[in-house]
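# Overview (structure and organization)
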Amino acid sequence: MAMAVAETISNGGELVVEAGTGVGKTYAYLVPVLLSGQRALVSTATKALQDQLFSRDIPKLIDALNLPIRVALLKGRGSYLCTLRLSQARQSHDASLRIHMHALSKIETWAQSTRTGDLSELTGLDDRSPVIPLVTSTRDNCLGSPCPNFKSCHVNLARKEAMSADVVVINHHLFFADLNVRETGMAELLPSVQAVVFDEAHQLNEIGINFLGRHLSTSQLLELTRDTLGAGVQWARGLVDWTLICSVMEKSIRDLRLTAQNSRPGSRLRWTEPVPDGMETSEWLLAMSQLQVALQAAQAALDTVSEMAPDFVRLHERVTLQLRLIQDFQDPCAEGSVRWVEVGAQMRLVESPLDISSAVQTHMLQKQVNEHTQAPAPGSQKAWIFTSATLGEDDQMRWFTEPCGLSESRKLRVASPFDYANMAAVYVPPGMPKPNDITHTRQVSSWVEKHARQLGGRTLVLTTTLNAMRQIGEALTAALGQSGELEILVQGQGPKRRLMERFREGSNEGGLGCILVASASFWEGFDVPGDALQLVVIDKLPFPPPNDPLVEARSQRLELLGKSSFSDYSLPEAAVALKQGAGRLIRSETDQGILVVCDPRLTGMAYGRRLLACLPPMQRIHTEVEFEESLTRLTKTSTRP
Ligand code: SF4
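Residues numbered from 1 in each chain as written. Predicted model: local features only at pLDDT ≥ 70, side-chain atom pairs only at ≥ 80, totals over all residues. Heavy atoms only, no water.

Here we take up the pattern of salt bridges. What the rule picks out here adds up to 36 salt bridges. A salt bridge links Glu 7 to Arg 410; the shortest N-O distance between them is 2.9 Å. Here the residue Glu 7 occupies a position in helix H1 (residues 2-11), and Arg 410 occupies one in strand E11 (residues 410-414), the gap between them amounting to 403 residues. Owing to a relative accessible area of 37%, Glu 7 belongs among the partly exposed residues under this scheme. (Salt bridge = Lys/Arg side-chain N within 4 Å of Asp/Glu carboxyl O. Helix = DSSP H or I, 4+ residues; strand = E, 2+ residues; numbered from the N terminus. Buried < 20%, exposed > 50% of the residue type's maximum accessible area, 1.4 Å probe, protein only.)

For the rest of this paragraph, the subject is the sheet that holds strand E2 (residues 40-44). Reading across the sheet, the seven strands line up as E3-E4-E2-E5-E10-E1-E11 and stay open at both edges, with parallel pairing between neighbours. Where the open sheet ends on each side, the last strands, each with one partner, are strand E3 (71-73) and E11. Across the sheet, the mean angle separating the axes of adjacent strands is 15 degrees when strand polarity is ignored. Here E3 runs beside strand E4 (residues 167-171); their pairing, made up of three bridges, is parallel. Residue pairing for E4: Ala 72 is matched across the bridge by Val 168. (Pairing = 2+ DSSP bridges. Axes fitted to C-alpha atoms, helices over the stretch in contact; angles between N-to-C directions.)

Taken together, the neighbourhood of the ligand is formed by Arg 77, Cys 82, Thr 83, Leu 84, Ser 137, Cys 142, Leu 143, Gly 144, Cys 147, Asn 149, Phe 150 and Cys 153. The residue inventory of the shell around the ligand, partitioned by class, reads seven nonpolar, four polar and one charged. (Near = heavy atom within 4 Å. Nonpolar A, V, L, I, M, F, W, Y, C, P; charged D, E, K, R; others polar.)

Moving on: the pairing of strand E12 (residues 424-427). Put simply, side chains in a regular strand alternate between the two faces of the sheet. Side chains of E12 alternate between two faces, with Ala 424 and Val 426 and Ala 425 and Tyr 427 buried alike. Of the pairings in the sheet, the one linking E12 to strand E17 (residues 593-597) comprises four bridges and is parallel in character. Bridging across to E17, Val 426 finds its partner in Leu 595.

Another point: the domain arrangement of the protein. For the protein, the domain assignment lists domain 1 (2-77 + 162-210 + 355-414), domain 2 (78-152), domain 3 (214-353) and domain 4 (420-637). In this assembly, nine residues from domain 1 lie in contact with 10 residues from domain 2. The tally of links between domain 1 and domain 2 comes to one salt bridge. Salt-bridge contacts for Lys 75 lead to Asp 118; the nearest nitrogen and oxygen are separated by 2.8 Å. Taken together, the connections running from domain 1 to domain 2 amount to nine residue pairs in polar contact (both at pLDDT 80 or more). Among the residues forming the side of domain 1 that touches domain 2, the class breakdown is three nonpolar, one polar and five charged. (Domains from an automatic or database assignment. Contact = heavy atoms within 4.5 Å. Polar contact = N/O pair within 3.5 Å; in protein donor to acceptor, adjacent residues only side chain to side chain.)

Moving on: the pairing of strand E1 (residues 13-19). Among the seven residues that make up E1, seven are buried, leaving the element largely enclosed by the rest of the structure. With burial as the criterion, each face of E1 is covered, one bearing Gly 13, Leu 15, Val 17 and Ala 19 and the other bearing Glu 14, Val 16 and Glu 18. Taken together, the six bridges between E1 and strand E10 (residues 383-388) define a ladder with parallel strand orientation. Bridge pairing in E10 links Val 16 to Phe 386. As defined by bridge partners, E1 adjoins E11 across five bridges and the pair is classed as parallel.

With 21 residues, helix H14 (residues 310-330) should cover 30 Å at 1.5 Å per step; its first-to-last C-alpha distance of 31 Å lies within 8% of that length. Buried within H14 are the following residues: Asp 311, Phe 312, Arg 314, Leu 315, Arg 318, Val 319, Gln 322, Leu 323, Leu 325, Ile 326, Asp 328 and Phe 329. Check the buried side of H14 and you find it contacts strand E6 (214-217), helix H11 (218-235), helix H12 (242-258), helix H13 (281-305), strand E8 (337-343) and strand E9 (347-353). (Expected span 1.5 Å × (residues − 1).)

What follows is about the packing of aromatic side chains. Scanning the model with the defined rule gives 17 aromatic pairs in all. Relative to Phe 526, the ring of Phe 522 lies with its centre 5.4 Å away and its plane at 80 degrees, an arrangement referred to as edge-to-face. Exposure class is identical for Phe 522 and Phe 526. Each is buried. A network of ring pairs unites the aromatic residues Phe 175, Phe 176, Phe 198, Trp 384, Phe 386 and Phe 400 as a single cluster. Lying over the aromatic face of Trp 271, Arg 339 brings its terminal NZ or CZ to 5.3 Å of the ring centre. Its guanidinium or amino end placed over the ring of Phe 522, Lys 496 lies 5.0 Å from that ring's centre, counting from NZ or CZ. (Phe/Tyr/Trp six-rings, centres within 6.5 Å; stacked < 30°, edge-to-face > 60°. Lys NZ or Arg CZ within 6 Å of the ring centre and 35° of its normal.)

Dropping the structure here:
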């Protein structure tokens, strides 16, 4: 892998590498990047992984290789303290902020000493804390160069540091956000780098489409209303009736949200006709036009005072942008895109491309060509490296390369060095009902209860739906948790980081053994080496939900092209997700464990063979007796009490 990366950096072009667990893919791309002496961007999926690369992996290698390389970390603006908003929040008379004053004063103390302003330095601050939006800026509310704190602004300083570094560590969200709106500096950085590496590249497509589409959300509109009222009262009190303008805006936003009051929170409403499914046509059209009128009134008011403060200029731009979006959502959907409405506490109108292939081709891989010959200019080709432990089920890794527009790229698969045949096994319990049987979830719970008790916890239950997660979590808590036999951890009970730490701890130091019941976000990126995890139970084969508007649109496109939406889309999606879930089991050379899939389709249907083939080469367990014996062996070989 390292040789292939080095060749790609010197020759340019695209390389896609699937590197199984334990290959050491991070070093396999970092070493050639650092040795190349070229300017490089390294992008990964999450801020936590960014921190790990920046603070642990890269410094270790720079030290070992003894290279004079400057490295910078660049995150999205939401990760940095905005000193202006912090002081505004501290001075605000808004009664609703009173409960946050203690947290704000702690941030203020830290603000005196931080060099980077990166909020991840504040250990006590949870990612989901409501204080974070109060002390960070958004593209909408940042004042930019007219800001009185502009010179010492952490967002700008991070950006400057990135511009002068040799290697910059970013994340995929930032990459696509900037590709779309060119805001945080990554887009300016891109032309000057010779190599771009995407680690955890399997997430690129889903992250990318989120940023490449159009979004209109009632929460963003409400924030705009609040900011307009705040600035109006502060800078132009009495010149315009801000209270009236903003209350009309607010009412029209709430009326728009109310059009979906009969829809289940969390649902995505298909929107292929002029009006989204489940909406009353006249109500929807009226709500959209009233919102438009309310924003036009705000736009006109802001126009009259734009000279009075920089805030008004920015607010005018924001209102204009929202008005354009409202108009866009009344026009037909763009070709190759799909629309839906997301219903939650707030409402989000989304228009999304089906994949990122055209963005990759037009914004990323453009090659500089000789004007006359149209041949690539020598030395002008950037190197693009995409890597992950899971990129598909076939050697062409079509699951990844097709939606990312990388079918023509060089491809390499490096298998995991772990001895799966001796250390791991896969088992489909006979007698488990079909996944659509109403007793299925109950039977999964009983099965886990029995066997996790025998193993003393050390079990991760991965569900395909939040509903099943809640039901299994409740059943196990009632059966094992309340009596104090085992500790039952359920996703959402607390911050993900804390749940992961507790689970890794297991029964160490006299603690209780743990079962963790989780859904989507734990299927990948959850690393438990050692014997705190020996049993991974998957409730159902993870097919994409067929009623989801995006899934439906992707399937329809394939059918129109004469392909099979099941074979060419649903099955590869399930294969990759299954591979990721199974990947939680063996994380080091000495790990041992069993993967249990409580879905009889894996052994009973012809396509089950295709899914089994994409799992690492584990032994197969066929009967409950064999399983019990394996479990006993695991219990005996475990180093924990
Ligand atoms: S420039 Fe923007 S982010 Fe920086 S301090 Fe000012 S408002 Fe905050």
